[in-house]
Amino acid sequence: MNITKTITETVERLVIEKTICDKCGIEIMREDWYRHDVTFMAEWGNHYPEGGWGEGLKIEHLCKECVHNAFMILRENGFTVKEYEWNW
Ligand SMILES: [Zn+2]
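Here the structure is a predicted model, which is why all the values come from computation and not from measurement.

Asks: I'd like to hear about the overall build of the protein chain, residue by residue, with values.
Replies: The helix and strand inventory of the protein chain stands at one helix and four strands. Helices (α) and strands (β) of the protein chain occur, in sequence order from the N terminus, as β-β-β-β-α. Here the protein chain has a C-alpha radius of gyration of 21 Å; the compact-globule value for 88 residues is 12 Å, and the former is much larger. Counting only C-alpha atoms and orienting by the principal axes, one finds that the protein chain spans roughly 75 × 40 × 30 Å. Burial analysis of the protein chain (88 residues in total) assigns 2% to the buried set. For the protein chain, the proportion of contacts with a sequence separation of at least 24, taken over those separated by at least 6, is 35%.

Structure below.
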C-alpha cells in the first residue's frame, strides 16, 4: 500500500513578459483580442522527407509603425508591396 501526502511545488516557467520593437524599442502592446503578427522572412535550402538544411533572413519583432516604414522603404525602392484587409 502506498501512503500518499499532498505537497506544494514551486514551478518556474519562462514566459513572455513584454515584446519590444527591434527597431525603435517601444513596447508592442498585446491585448487579448488584438492581433499583431509580423512574418517578414525568407528561407532557402533543401527539404527532404528525412530532413533538410538551409538559411534565411527574418525580422520578428516590429511595432506597427516600423512595419509600415519597412514596407514603404521597400516600395520606394521598386519592390511590389500589396496592401490587403482581412475579415472573418
Ligand atoms: Zn518600432
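Asks: Quick one: what's the story with helix α1 (residues 64-76), residue by residue and with numbers?
Replies: In this model α1 runs 18 Å from its N-terminal to its C-terminal C-alpha over 13 residues, within 8% of the 18 Å that 1.5 Å per residue would give. Among the 13 residues that make up α1, zero are buried, leaving the element largely open to the surroundings. Looking one or two residues past α1, Gly78 carries a phi angle of roughly 95°, positive in sign.

Asks: I'd like a rundown of the environment of Lys23, residues and numbers included.
Replies: You can see Lys23 is positioned in the loop between β1 (19-20) and β2 (27-28). The exposure class assigned to Lys23 is partly exposed, which follows from the 15 C-beta atoms found within 10 Å. Sequence separation between Lys23 and Glu50 is 27 residues; the distance between their C-alpha atoms is 37 Å. Discounting chain neighbours no more than four positions away, the residues touching Lys23 are Leu62 and Cys66.

Asks: I'd like a description of the pairing of strand β3 (residues 40-48), backed by residues and values.
Replies: In regular strands, side chains alternate between the two faces of the sheet. Buried residues are scarce in β3, accounting for zero of its nine residues. The pairing of β3 with strand β4 (residues 51-59) spans nine bridges and is classified as antiparallel. Paired with Gly45 across the strands is Gly54, a residue of β4. Linkage of β3 to β4, two consecutive antiparallel strands, is achieved through a turn of two residues.

Parameters and conventions
Residues numbered from 1 in each chain as written. Predicted model: local features only at pLDDT ≥ 70, side-chain atom pairs only at ≥ 80, totals over all residues. Helix = DSSP H or I, 4+ residues; strand = E, 2+ residues; numbered from the N terminus. Rg over C-alpha atoms; globule rule 2.2 N^0.38 Å. Buried ≥ 20, exposed ≤ 12 C-beta atoms within 10 Å, placed from the backbone. Contact = placed C-beta atoms within 7 Å. Expected span 1.5 Å × (residues − 1). Pairing = 2+ DSSP bridges.

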